[in-house]
Amino acid sequence: MSGRSTPKTSQRNSRNLSQVRQAQLNGVRSNDKVLASLRATQVVASKPVLPAELIATILDHVPVPDLLRFARVSRRLQEMVYDDTRWIQKLRAMAVWNEAEARQRVEEAMKRRTEAQMSREAEEARRTGANLPGSVNGIAGGGRRHAGSVTLFDAGKEESNYRNSLEKPQMQTLRRRGTLADGLDDLTISPSTPAQASAKAWDPSIALNVLSRVRSMRGHARQEFGKVYGALGPLYMDLSRSKGHSDAIIFRTYRDPEQQAQILSSLKQFAKCDSALGWQAREQKLDSMIGVFENAVLREFEQGCAVNDVDGRMRWYAHVLGGLNGGSAAVDAFISGQPIMSRTLQAADPLDCLEAVAPGHVDLNPSRQFFEKLATTMVDQAGVIDIAFPPSVDVLTPFLSRLCEDVIANYLTTLFDEAHQKGVETYVKAVAGTFEQALRFLASIKPNKASPSDFTDKAKQMLTQCYEKHIDLYLAEELSVFKSKCDAEVGRWEKEMTEQEASAESFFMSNINRQAAKRDFLSSFRKVVMMPVNVLPAFGTSKPAPSKLATNLNMGDNANNGTRSRSPTLTGGNTPQRPGTPQAQPPTTELAAKAAIMNARLEGIKALFSIEVALHLTHLAKASIERAAVFVQMGRQYGDEAKEQCEAIFVTLLDILGDRHVRNGFDKAIGHLSGYNPREVRELRAKAGNTSNVSTGVEPLVTFLELVNVGDLIQQMLDVFYAQELIATNLTDRDDFLDPAVKGKKKFEQMLDERVAAGLNRGIDVLMDEVEYICATTQLPTDFNPGASSTESTIVDIGPSQTAQQVVSMIGGHTGMLVGTTDKNMLDVFTQEVGLRLFAVLCKHFKRQRISDDGAIKLISDINHYSDFVSSLRQKPLLPYFHALRELSQIYLVHIDPPAAYFSTNPKVKRASLLSSKGSKTAQQAKELATIIADTQRYHGIFPAEEVYEFAERRADWYLVKGDVERAMYGVGCSIM
């Protein structure tokens, strides 16, 4: 049974086999479905779980030992950890990486590599040339044939070098795997104490100066950081775990306070590269330890300051604190311990400057002593600073800063506030005076060996900060003070002049018999209105008055004593005496009094503005500008504002002195000059019987020119002031035409020129009016037409007429009085204008005359007399005018004989005579005259032919010869009509 199978068994077996085969077939089909789905799957992207940037950011906050373990994971992570920029960042955080040094090292390395490569190539070329056949002395082909065949760049060799450079780090990594090499192999990972580390891992002496030995080398930043971490890392971690300063290894390892301060300073610098978890707690722990140490050392330093142990404890502990954190705590303790800072020593009382002083003044001696005391303190303490503090600690600069903030600023503020309450003038003098003393105090402070190179600039900035809050108010008040004082000075002078004028008028009117004056009031009033100068009453008998004033003023009748005054003269030297003179007596008539008042006004033209007032205003401006100019040394914005204020003071001086003082004076002078009438003066003198003193002239014009001289002196004074106070001190630029001072100065000069021109013009008008009056009243009709009075022949006097002599005498007298008393340029302008006006007046005068052939000789004599006078003025521009006038006189010498029938009363006979005169002698003479009229070259372009024709019309025989002359003029091509 066991060896044989029954049919049932066979059937059952066959059924099982079929089931197994079916199951296998189903399994194959299912497997095909799985593989088909796998075959349909595609890999879209292959990337790590975290981006590389995120991993790099995480590595920035991983502790250094964990970074080394992280580098063992894979090659890519090792590259991220070994990235040189990561370690450069840590070195830069500790402020030990020098980018310039690193760049220089790279350049030097490239230069050495290039030189070595060139040396190898040259050596290889020499070896190659020595092995070539046919080489001569190691040079193939005699040195010429293969000279250009040396290979400078082999691509295959470079590719091989590149592959070797990639394989070499990998081999080194395989050899060193399992260790903590690559720059950090000299330290242990998180040692509990430095004693547990090996001697090679940590050396106390190396840790003191490890930061100063760091080299800035690209590609080696990890190794350099490893040296720093190996020296300071154990101490840093131990300090973060210690419970107190007694548990810290550094205080047991380093016993010297200087070493302790140095290692604490190095740990503080090393902590800046700690960005791992818990860095705040570690840094706080370090700061706590440093604070405890600093307080202990600072107490020792203060005890040394208390006993003045400069060379001992002060010097020792100042150097300890300087090595710890720069010595800022020692500097603060030293400055605060000064008696002048701690208020134990009173420097000075600012109110002493305002005691027992006159209004508007300030006593600067107490403030000078205050700054001298401060200077002495600074100089003494500078020597102590040089001894006690290390050369790297600057103590003098913060000491001066605290001194300015706490002592000087408080002193100045108290002084300025009290001075401003005393008065504005006191305030500006206090501010400017103390600033000058402060600058001298600053000049006495010399920098010590620890001071920076810009100590002087910093000290100046500190000191000027004490005045910055006062400078704006000061500059405004300075201008206000100057303006108010100038207004007061000009107002005082104007008031004084007004009072003098009123007192003079009151003096002149004090002795008038009102009842006698009322009887002839209307006639007196009319005369006074028409007369701006002295008037003579014609009452009663006369005898010389005994007083000096009677020789200058016109004294009227007195009904009681029957006296009469003498007519005054208008010479420049005789001026009325001021009221109050013992010998002066007032006039006795209203007419004489008012005449004396007007004469006094004309004589007072020269005093309408004062050079003394101008000099006083200039001194005020000089004082204000000198005070404000001190603040230019502040520089920057405030220095520019001080310059602008100095220019504003100068412009204010020009405005007040020019518009209010000089301009008003000139306007009054021009008004007085306009009211002067010399003809009325002569009439009054003639009525007074003073024929000996009767003269022609415009004496107030000379007085006005004296006023012009005063104005010119004021202008010159301002020019000197401008050059010395503004240009020489660089407060303004002369070439800047937009500068306010330059514009103001030009405006003043323009105003002065306009007023002088207006006054001279008015004076010349009066002078020319006098010339016209002389010509109109003294020139007789028979002077230029002798035959007009009778038919008999008259003897012609060869020589200038009386009119020409009077005109030349009058004008020459006025111009002569100006010589030596007037500026040459002004005199030239004046004489030229007088000459031109005289020329115009003479032309107008000659056109009103009838001139015959015989009278032409007198006319030529007058013109020659005028021309000689103009030549004596030595003004070349005037010579052509009078030369043309002399040439013009020739038209009156041409004699033209009219035909006898011309005088016939029969028009037909007269017309026939005119027609028959063609070609006769008359026509020739007319042609000669027409040629003279038409020759414009003869007159140098001054007289056109039309005007010459107008002069020709003044011939006495013009109506007899007019037709012949006009026909002749048409014949020579000159058409006038």
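Predicted model only: the values in this text are computed from it and were never measured. The residue numbers shown here count from 1 along each chain, following its written sequence. The model is predicted, so local features are restricted to residues of pLDDT at least 70 and side-chain atom pairs to those at 80 or more, both for listing and for counting; the totals for chains, interfaces and linings are taken over all residues. As a rule here, side-chain values cover all heavy atoms of the structure and leave hydrogens and water aside.

Caption draft 1: Main features of the environment of Asp733. In this text, helices come from DSSP runs of H or I with a minimum length of four residues, and strands from runs of E with a minimum of two, each type numbered from the N-terminal end. Within the fold, Asp733 resides in the loop between α25 (699–727) and α26 (740–778). It only takes one pair of heavy atoms within 4.5 Å for two residues to be counted as in contact. Excluding its chain neighbours within four sequence positions, the residues that come into contact with Asp733 are Tyr722, Ile727, Asp739 and Val742. We define a polar contact as two N or O atoms separated by no more than 3.5 Å, with the added condition that, inside protein, one atom must be a possible hydrogen donor and the other a possible acceptor, whereas residues neighbouring each other in sequence contribute only through side-chain atom pairs. Engagement of the side chain of Asp733 in a polar contact is seen with the backbone nitrogen of Asp735, the distance being 3.2 Å.

Caption draft 2: Spatial organisation of the packing of aromatic side chains. Here a Phe, Tyr or Trp ring, Trp counted by its six-membered ring, pairs with any other such ring whose centre lies within 6.5 Å, and the pair is stacked when the planes are under 30 degrees apart, edge-to-face when over 60, and tilted otherwise. With the rule as written, the count across this model stands at 26 aromatic pairs. Taking 5.5 Å as the distance between ring centres and 75° as the angle between the ring planes, the aromatic pair formed by Phe334 and Phe389 counts as edge-to-face. Here Phe334 is found in helix α14 (residues 328–336), whereas its partner Phe389 is found in the loop between α15 (365–388) and α16 (396–422), with 55 residues between them in sequence. In terms of burial, Phe334 and Phe389 fall into one category: buried. Through successive ring pairs, a cluster of aromatic residues spans Phe416, Tyr427, Phe435, Tyr467, Tyr474 and Phe631. Sitting over the ring of Tyr82, Arg222 keeps its end group 3.9 Å from the ring centre. Whether a residue is buried, partly exposed or exposed follows from its accessible area with a 1.4 Å probe, protein chains only, as a fraction of its type maximum: under 20%, in between, or over 50%, in that order. Whether a charge sits over a ring comes down to the Lys NZ or Arg CZ being within 6 Å of the ring centre and within 35 degrees of the ring normal.

Caption draft 3: Summary view of the pattern of salt bridges. Salt bridges are defined as contacts in which a side-chain nitrogen from Lys or Arg sits within 4 Å of a carboxyl oxygen from Asp or Glu. As enumerated under the stated definition, the model contains 36 salt bridges in all. Measuring nitrogen to oxygen at the nearest pair gives 3.3 Å for the salt bridge that ties Glu224 to Arg215. You can call Arg215 partly exposed: its relative accessible area is 38%. Measuring nitrogen to oxygen at the nearest pair gives 2.3 Å for the salt bridge that ties Arg967 to Asp964. Here Arg967 pairs with Asp964, and both are found in helix α34 (residues 958–971), just three residues apart, close to one helical turn. Judged by its relative accessible area of 8%, Asp964 falls in the buried class.

Caption draft 4: Geometry of unusual backbone geometry. Phi is positive for Ala356, which is not a glycine, with a value near 60°. Mapped onto the elements of the fold, Ala356 is located in the loop between α14 and α15. With a phi angle near 60°, Asn730 is a residue other than glycine that sits in the positive phi range. Counting through the fold element by element, Asn730 comes out in the loop between α25 and α26. A relative accessible area of 57% places Asn730 in the exposed class.

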